[in-house]
Structure formats: structure tokens, C-alpha cells
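Understanding the architecture of this molecule
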Amino acid sequence: MHVIIKRGIVEDKMKNIMFIAPPAAGKGTQAEIIVNKYNIPHISTGDILRDISKENSEIGNYVAETLANGLLVKDEITYQLVLDRLSKDDCKNGFIIDGFPRNYEQALAYDDILKKVGYDLGIIIVIEVDKETLAKRITGRRVCKKCGSVFNINNDLMKPKNESICDICGGDLYQRSDDNLDAFMNRFATYEKNTEKIINHYKDLGVLHFIDGNRTIDEISKQINEIIESTN
Ligand code: AMP
């Protein structure tokens, strides 16, 4: 294995990591830790779609409405955005993909997309969290409009000092349109229904790693690190 240490960033051979986890399982937080350590991009279809939803266009309005209802955006939009994003230069040393694939059809489409861009599947990290814990996290999640930092008013370790102001930059905190209990129930039901088939699709490839996501951020991060390091 060739390892180069550059400005504190560890670079070695390609790390392609897929996260499979229910909404509010802590994917974003864990992805950020990996991004900082390995200097690879975090590709979240949810984040990309949230950006599109702000556009004042037919597609922007369609995506905004779909997200607010906790439903899945049409395949042709999602496939194209994943292909476009993976085609960018910054993915060549690895990437974290999160939020895609979300069902069996998307898993098949992802196989094709990977072939097109010439990348390996890499490793898959499945974060498992109880439904009750997730519902509590979802309704307490607050995001900074300005810097994107994430807080949680239902978690003492992640609580902002003031419920509506960002501790980091002083920006306004808001609640995502799909972070309400009704949308969560839809999203969770869809997740459970689809995930089993996705996992079956990958189960014989030796790439799946299951993690108990009910623990602290540090404990989860430590385990993810061990998995990444042991698979290179
Ligand atoms: P997330 O941030 O991953 O929870 O995604 C937020 C929302 O974006 C989802 O509830 C869907 O409406 C949409 N979305 C994200 N990824 C996908 C995908 N792979 N396919 C369809 N819709 C998606």
C-alpha cells in the first residue's frame, strides 16, 4: 500500500465508501469526519436535491414538493445527478456516497453508473438505529442557514446555546422541511421496505459492514475508522 502524508491528510489508495442508513442516523456527521481525514468528497443526493429545490424552475418546484412530502425524487433526475457528480475530478481518490441507492432499482443503476465512470463499489457501511431514537433526533435537528452546521435541541451534546442561533457563525438555525414526524414516518417506512433488497443485492460481495448507530458519535466514528483502515 502506498501512503503519502500531506499536510496532515492521509492519502492512500482509493476509498469508495457507501453509507446506508435511515434518516437522522448520523450519516452527515460521520461523513464529515471521514472527509476531513481522507480529503475525499461527500456526495449526498439529499444535499444536492435540497440545492436543486431552491431553484425557481419547474424542476426546482417539483423537487421541493417531493422533499417536503418525504417521497423519492424521480429516477431520471437522481441517476443523472449521481453520474454527473461522480464524473467530477475530485472523486478519483475516493468518495463517500450517501442517500443513493435508496432502492433495488437504484442499486442496479448504480452498478451501471460505476461501470461508466470506471470505479469500484468499495465498502458499504450500514448504520442501524432504533426508530424511536431517530424520531427524537429528526424533530430536534436544526441546521444553520449560513454555514450548514447541524445541531440537535433534543440532545444535550449537540444542543446550540440558543435554539435559533448557530454557535459557530451566529447564523439563523432552521428546521428542514422534511424533518417533521409525518415526513419521517414516510421516509422511515420507505427506507425499511427498500433496504432489505439493497442489502441482499450486495450481501455476497463481502463489502457490507454493520454498525450500531445508537451509540455516541465518537464510538461510531472509531468503528468506522477501523473498518476503513482494515479494508485497505
Ligand atoms: P436525505 O438527506 O438523504 O434524507 O434525503 C432527503 C430527501 O431527498 C429524501 O427524502 C428524498 O425526497 C430525496 N432523495 C435523496 N436521495 C434520493 C434518491 N437516491 N432517490 C430519490 N430521492 C432522493
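Scope of this entry: the structure provided in the associated data block. (Residues numbered from 1 in each chain as written. Predicted model: local features only at pLDDT ≥ 70, side-chain atom pairs only at ≥ 80, totals over all residues. Heavy atoms only, no water.)

1. Overview of the packing of aromatic side chains
As a reminder of what qualifies: Each Phe, Tyr or Trp ring, with Trp reduced to its six-membered ring, pairs with another whose centre is within 6.5 Å; inter-plane angles below 30 degrees give stacked pairs, above 60 give edge-to-face pairs, and intermediate values give tilted ones. Under the scheme used here, helices are H or I runs from DSSP no shorter than 4 residues and strands are E runs no shorter than 2 residues, and both carry numbers assigned from the N terminus. Burial classes: relative accessible area under 20% of the type maximum marks a residue as buried, over 50% as exposed, and values in between as partly exposed (1.4 Å probe, protein chains only). Any Lys NZ or Arg CZ found within 6 Å of a ring centre and within 35 degrees of that ring's normal is scored as a charge over the ring.
Within the structure shown, the criterion is met by five aromatic pairs. Between Tyr 79 and Phe 100 the ring centres are 6.1 Å apart and the planes differ by 80°, which places this aromatic pair in the edge-to-face class. Residue Tyr 79 is located in helix α4 (residues 75–86), and its partner Phe 100 is located in the loop between β5 (94–98) and α5 (104–117); the two are separated by 21 residues in the primary sequence. Of the residues examined, Tyr 79 reaches a relative accessible area of 22% and is grouped as partly exposed. Clustering of aromatic rings is evident, with ring pairs tying together Tyr 79, Phe 100 and Tyr 110. For Lys 74, the ring lying beneath its charged end belongs to Tyr 62, and the centroid distance is 4.6 Å.

2. Considerations on the pattern of salt bridges
Here the idea is simple: oppositely charged side chains can pair when their charged atoms come close. Which entries qualify depends on this criterion: Only one rule defines a salt bridge in this text: a Lys or Arg side-chain nitrogen within 4 Å of an Asp or Glu carboxyl oxygen.
For the coordinates displayed, the defined rule picks out 12 salt bridges. Among the ionic pairs, Arg 50 bridges to Asp 47, the shortest N-O distance being 2.9 Å. One end of the pair, Arg 50, and the other, Asp 47, are both in helix α2 (residues 45–53), three residues apart, so they sit about a helical turn from each other. Through salt bridges with shared partners, one network takes in Arg 141, Arg 176, Asp 178, Asp 179 and Arg 187.

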